[in-house]
Amino acid sequence: MSTDGPRTVITFGTFDVFHVGHLRVIERAAALGDRLVVGVSADELNLRKKGREPVFSQRERLEIVAALKPVSEVFVEESLELKRHYIQHYAADVLVMGDDWAGKFDEFGDICEVVYLTRTPAISTTALIEKISAGS
Ligand code: C2G
């Protein structure tokens, strides 16, 4: 956590089948500081935690997120258990997550501000995959 200088915001996500809900959380996270760092979850982490491979590979997901105007830096999030390490490594002042994670990261309140943003309603990667698969 830094007292002066640019305010760094960090957020994490899979950002698979990138959609407007992802864009909005990134834009709103960036607005909370001067520099936004995004941890994009590794393919291996997804397989372990969600039991399926993302549609887009981590290399592609990183490339998409890195190209967004509000994003200053991206890195691969190798493990959910490394959050404290990542927050400290990037000297983040604020951790932002969507409110599907509400309360889950309060333990990091000792090293940064923790903010949960309301999810964009009615859109998700899972729903998109289902819709595309159904061909409707
Ligand atoms: N999001 C949102 N609105 C939606 C869908 C997603 O605001 N309609 C937000 C989520 O709350 C999250 C971010 O977009 O903050 C990325 O969502 P996912 O790709 O689903 O990320 P997730 O798999 O939840 O992250 O350390 C966390 C891990 O990296 C996993």
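Keep in mind that what you see is a predicted model, and the values were worked out from it rather than measured.

**Student:** What exactly am I supposed to notice about the site of the ligand here?
**Tutor:** Within the structure, the ligand sits among 20 residues, and K50, E77, K83, D100 and I123 are positioned closest to it. With respect to the ligand, the backbone of F15 contributes an N or O atom lying 2.8 Å from an oxygen atom. In the environment of the ligand, an oxygen atom lies 2.6 Å from a nitrogen or oxygen atom belonging to the side chain of K83. Protein chains bury 94% of the 650 Å² of accessible surface belonging to the ligand in isolation. Looking at the shell around the ligand, the elements with two or more residues in it are strand 1 (8-13), helix 1 (20-30) and strand 4 (94-98).

**Student:** I'm lost on the packing of aromatic side chains in this one. Help?
**Tutor:** To describe a pair of aromatic rings, one takes the distance between the centres and the angle between the planes. Scanning the entire structure with this criterion turns up 7 aromatic pairs. Aromatic pair F12 and F75: ring centres 6.0 Å apart, planes at 90 degrees, arrangement edge-to-face. Highlighted residues: F12 in strand 1 and F75 in strand 3 (residues 73-77), separated in sequence by 63 residues. Assigned by exposure class, F12 and F75 land together as buried. Between F105 and F108 the ring centres are 6.2 Å apart and the planes differ by 20 degrees, which places this aromatic pair in the stacked class. For the pair formed by F105 and F108, the shared burial category is buried. Ring pairs connect the aromatic residues F12, F75, Y86 and Y90, which therefore count as one cluster. A cation over an aromatic ring shows up here: K83 above the ring of F12, its NZ or CZ 4.5 Å from the ring centre.

**Student:** Just to check I follow, could you spell out a nonpolar patch on the surface for this structure?
**Tutor:** On the surface, a cluster of nonpolar side chains totalling about 230 Å² of accessible area is made up of V55, F56 and I64. For I64, a relative accessible area of 34% puts it in the partly exposed group.

**Student:** Even after reading the chapter, I still don't get the pairing of strand 1, so can you show me in this structure?
**Tutor:** Looking along a regular strand, one sees side chains alternate from face to face of the sheet. Burial runs high along strand 1: 6 of the 6 residues are buried. Across 6 bridges, the pairing between strand 1 and strand 2 (residues 35-41) is parallel. In the strand pairing of strand 2, F12 is matched with G39. Examined bridge by bridge, strand 1 and strand 4 share 3 bridges and lie parallel to one another. Bridged to T11 within strand 4 is V96.

**Student:** Any chance you could explain the UniProt feature "domain: Cytidyltransferase-like" (unreviewed entry) in the protein here in plain terms?
**Tutor:** When the UniProt feature table is mapped onto this chain, "domain: Cytidyltransferase-like" (unreviewed entry) is found at residues 10-130. Annotation note: span residues 10-130, helix share 34%, strand share 21%, distance between end C-alpha atoms 30 Å.

**Student:** Explain the side chain of T8 to me, please; I cannot follow it from the model alone.
**Tutor:** Tracing the backbone shows T8 in strand 1. On the accessibility criterion, T8 (4% relative accessible area) is buried. Within the local environment of T8, its side chain forms a polar contact with the side chain of R35, the two groups lying 3.0 Å apart. Sequence-distant contacts of T8, defined by excluding residues within four places in its chain, comprise R35, V37, Y90, A91, A92, D93 and V94.

Scoring rules and cut-offs
Residues numbered from 1 in each chain as written. Predicted model: local features only at pLDDT ≥ 70, side-chain atom pairs only at ≥ 80, totals over all residues. Heavy atoms only, no water. Near = heavy atom within 4 Å. Polar contact = N/O pair within 3.5 Å; in protein donor to acceptor, adjacent residues only side chain to side chain. Areas by Shrake-Rupley, 256 points an atom, 1.4 Å probe, with all protein chains shown as cover. Helix = DSSP H or I, 4+ residues; strand = E, 2+ residues; numbered from the N terminus. Phe/Tyr/Trp six-rings, centres within 6.5 Å; stacked < 30°, edge-to-face > 60°. Buried < 20%, exposed > 50% of the residue type's maximum accessible area, 1.4 Å probe, protein only. Lys NZ or Arg CZ within 6 Å of the ring centre and 35° of its normal. Patch = residues over 30% accessible without salt bridge, like charges linked within 9 Å, V, L, I, M, F, W, Y side chains within 5 Å. Salt bridge = Lys/Arg side-chain N within 4 Å of Asp/Glu carboxyl O. Pairing = 2+ DSSP bridges. UniProt positions renumbered as here; feature names shortened; annotations may be inferred. Contact = heavy atoms within 4.5 Å.

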